[in-house]
Amino acid sequence: MGKSENTISRWCSNKSQPSIIQLQEIANLYDARIMKKIGIDIFSGAGGLSLGGSMAGIKVRYAIEVNPHAAKSFELNHKGAKVICGDIRDVKAIDFLNKDEEVFIIMGGPPCQGFSMSNTMSRNMDNPNNLLFKEFVRLVSEIKPRWFVLENVLGMTKMNNGETIEMIKHCFEEIEPGYKVKWKVLWADEYGVPQRRMRMFMVGNNQGIDFEFPKPFDYKVSVEEAIGDLPVLHNGDMIDSLPYTKSIKESSPYAQQMRKGSVESRQNFVSKSNDLVMQRYKYIGQGENWRAIPEFLMQNYSDKTRCHSGIYKRLKANCPSVVISNYRKSMLIHPYQDRGLSVREAARLQSFPDTFIFQGPHMSIQQQIGNAVPPLLSKAVMAQIMEYDSSYNKE
């Protein structure tokens, strides 16, 4: 039988050398503590939520993702994790989890297209994608982790005048022995991400802990600070590796953080725009959108009143970016260069480090980046969970 933490603490405080048996007991306790921090990421995508969890000290051991390209991205960038590529409706906990394995947290973002404010036609519970949150509830019920984090778009909170989000919250509260659940909409740019993006986080625990979300940081990161050291590129460039344009010392603190472990800028891939699109770019200043384009260049738009304000948006260098979702489709424009954003620039604006290499065709990579939870936003939430859990277990 293992020794208590108090006993081991006395051994560690003694001036005499611990015995081999005592050292083994210390190692066993350390292993047990690590086991308590095991994470499972469902609907994982490339793994932005998991990366934030890893930064906070969680060992993400399992992931479930239906898209094969996103699953490969996860596997490459989360060493040691077992990735199950398949439909979550076909996955049961006993299929992958060891019987005696204690899970600290289940995290994930059920497909959000149906909940998105930009997809009002499908924002109802008749859309089967909107019911996938039940699979999240099922796995929490089967595994009973200490904590869970469900992440999604703002639209989930608006469905049925707010009744849907409360119904989802109630589903978790009903799981034995009972989860204490809170949710909140967070702005990514308030937590070190160079992007003005809203995400809903629902956090629950079965320890009776009254969780509070992290307070916003006292600084924000601009587009210039985020991508100002990345290579100069041109329309249609597909260059895997290029030197940075600034040394580490010349780069912003944010860029320095993103460059840890990286010697060159990778995945400098820019979609090729046609000549008409390239002409349009020239008329758009920073912070402007399609409305700045002359009429004679917009004649192929039969009804411009239906154009979204985010279409043909040139980023402002001195403030956080607009939302990086489907940035190719939205025609987001580099603040200084007349072209769309590169893969690495979009990844930086989402707070993925430069060592994170995405897998799959270019269009799939763009979608993986746009769909991801910004890792630094995830880190802020996960670190808060770790702090609450640690404080609770010291009492």
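Okay, so let's go over this structure. Going along each chain's sequence as written, the residues are numbered from 1 onward. Side-chain atom pairs in this predicted model are given and counted only at pLDDT of 80 or more, local residue features only at pLDDT of at least 70, and totals for whole chains, interfaces and linings cover all residues. Excluding hydrogens and water, the side-chain figures rest on all heavy atoms present in the structure.

Remarks on the nonpolar core
- Core analysis: the biggest nonpolar cluster contains 57 residues, and Ile105, Phe201, Ile369, Met382 and Ile385 have the highest contact counts within it.
- Runs of H or I in DSSP of at least four residues are treated as helices and runs of E of at least two as strands, each being numbered from the N terminus. With seven residues, helix α13 (residues 375-394) is the single largest residue contributor to this core.
- As used here, the term nonpolar core means buried Ala, Val, Leu, Ile, Met, Phe, Trp, Tyr and Cys residues forming a set that is joined through side-chain atoms within 4.5 Å. For every residue, the accessible area (1.4 Å probe, protein chains only) is compared with the maximum for its type, and the residue is labelled buried under 20%, exposed over 50%, or partly exposed between those bounds. Membership of the second largest hydrophobic core comes to 31 residues, among which are Ile88, Leu97, Met156 and Ile168.

Quick word on the packing of helix α5 (residues 133-143) against helix α7 (residues 163-173)
- Two elements in contact, α5 and α7, have axes separated by 10 Å at closest approach and are oriented at 15°. Taken together, the axes of α5 and α7 lie roughly parallel to each other. Between α5 and α7 lies a crossing whose hand is right-handed. Side by side, α5 and α7 meet where Phe133, Phe136, Val137 and Val140 of the first sit next to Met167, Ile168, Cys171 and Phe172 of the second. Only the stretch in contact is used when a helix axis is fitted, and all axes are lines through C-alpha atoms; the angle between N-to-C directions ranges over 0 to 180 degrees. Each angle gets one of four labels, with under 35 degrees taken as roughly parallel, over 145 as roughly antiparallel, 65 to 115 as roughly perpendicular, and the rest as oblique. By the definition used in this description, the sense in which the near helix is turned from the far one sets the handedness, with an anticlockwise turn below a right angle giving left-handed and a clockwise turn giving right-handed. We call two residues in contact whenever any of their non-hydrogen atoms come within 4.5 Å of each other.

Focus on the pattern of salt bridges
- A pairing counts as a salt bridge when a side-chain nitrogen of Lys or Arg comes within 4 Å of a carboxyl oxygen of Asp or Glu. Applying the stated criterion across every chain, the model contains 19 salt bridges.
- The salt bridge involving Lys169 is made with Glu173; its shortest N-O contact spans 2.7 Å. Highlighted residues: Lys169 and Glu173, both in helix α7, separated by four residues, approximately one helical turn.
- Given the relative accessible area of 28%, Glu173 is considered partly exposed.
- A salt bridge links Lys220 to Asp189, with the nearest nitrogen and oxygen atoms 3.0 Å apart. One end of the pair, Lys220, is in the loop between β7 (198-205) and α8 (223-227); the other, Asp189, is in the loop between β6 (180-187) and β7, and 31 residues separate them in sequence.
- Residue Lys220 is classed as partly exposed on the basis of its relative accessible area of 45%.

Details of the side chain of Ser252
- Tracing the backbone shows Ser252 in the loop between β8 (238-242) and α9 (253-258).
- For this analysis, a polar contact is any N or O atom pair within 3.5 Å, provided that within protein one partner can donate a hydrogen and the other can accept it, and provided that sequence-adjacent residues contribute only side-chain to side-chain pairs. Looking at Ser252, its side chain comes within polar contact range of the main-chain oxygen of Glu225, at 2.6 Å.

Re the packing of aromatic side chains
- By convention, a stacked pair of Phe, Tyr or Trp rings (six-membered ring in the case of Trp) has centres within 6.5 Å and planes under 30 degrees apart, an edge-to-face pair has planes over 60 apart, and any other such pair is tilted. Enumeration over the complete set of coordinates arrives at 14 aromatic pairs.
- Taking 6.2 Å as the distance between ring centres and 70° as the angle between the ring planes, the aromatic pair formed by Phe136 and Phe148 counts as edge-to-face. Of this pair, Phe136 sits in helix α5 while Phe148 sits in strand β5 (residues 147-152); the two residues are twelve residues apart in sequence, bridging distant segments of the chain.
- Given the relative accessible area of 0%, Phe136 is considered buried.
- Site record: aromatic cluster; members linked through ring pairs are Phe136, Phe148, Phe172 and Tyr179.
- Note on geometry: a ring has a charge over it if NZ (lysine) or CZ (arginine) is within 6 Å of the ring centre and within 35 degrees of the ring normal. The ring of Trp187 carries Arg196 above its face, with NZ or CZ at 3.6 Å from the centroid.
- Between the NZ or CZ atom of Arg259 and the centre of the ring of Tyr244, over which it lies, the distance is 3.8 Å.

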